[in-house]
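# Secondary and tertiary structure notes
Residue strings, one per chain:
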Amino acid sequence: MNSCEFCSNYVYDEEYEEYACVVSMDEDDIARLMQSGHAECPYFSYGDEYRIARKQ
């Protein structure tokens, strides 16, 4: 299972002062993710902050 901490969609929200997922999911998507503890998030994108630097 992918960890949200490594996902590029998991960002710090200064207004709420906490980390949150910025993917726009509807209730059905969230329910599918919560039903299976072993399901991987289809929106997971590894947050490789050095990816841009490698292309330069």
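What this report covers is the structure whose coordinates are included nearby. Predicted model, so just to flag it, every value in this text is computed and none were measured.

Within the secondary structure layout, N9 lies in the segment before β1 (10–13). There is a polar contact of 2.7 Å between the side chain of N9 and the backbone oxygen of Y43. Each residue touching N9, except ones within four places of it in the same chain, is listed here: A20, C21, V22, V23, Y43 and S45.

A few words on the pairing of strand β2 (residues 18–21). Of the strand pairs in this sheet, β1 and β2 are connected by four bridges, and their pairing is antiparallel. Each residue of the ladder has a partner; that of D13, found in β2, is E18. Hairpin remark: β1 followed by β2, antiparallel, with four residues in the connecting loop; positive phi at E17, about 55°.

The tally for this structure, following the rule as stated, stands at two aromatic pairs. Ring centres of Y10 and Y19 lie 5.6 Å apart, and the angle between their planes is 20°; on these two criteria the pair is classed as stacked. What links up through ring pairs into an aromatic cluster is the set Y10, Y12 and Y19.

The subject of this paragraph is the pattern of salt bridges. Scanning the entire structure with this criterion turns up one salt bridge. Note that R32 and D29 form a salt bridge whose closest N and O atoms lie 2.4 Å from each other. One end of the pair, R32, and the other, D29, are both in helix α1 (residues 27–35), three residues apart, so they sit about a helical turn from each other. Take R32: its relative accessible area is 52%, and that puts it in the exposed class.

Criteria and thresholds
Residues numbered from 1 in each chain as written. Predicted model: local features only at pLDDT ≥ 70, side-chain atom pairs only at ≥ 80, totals over all residues. Heavy atoms only, no water. Helix = DSSP H or I, 4+ residues; strand = E, 2+ residues; numbered from the N terminus. Polar contact = N/O pair within 3.5 Å; in protein donor to acceptor, adjacent residues only side chain to side chain. Contact = heavy atoms within 4.5 Å. Pairing = 2+ DSSP bridges. Phe/Tyr/Trp six-rings, centres within 6.5 Å; stacked < 30°, edge-to-face > 60°. Salt bridge = Lys/Arg side-chain N within 4 Å of Asp/Glu carboxyl O. Buried < 20%, exposed > 50% of the residue type's maximum accessible area, 1.4 Å probe, protein only.

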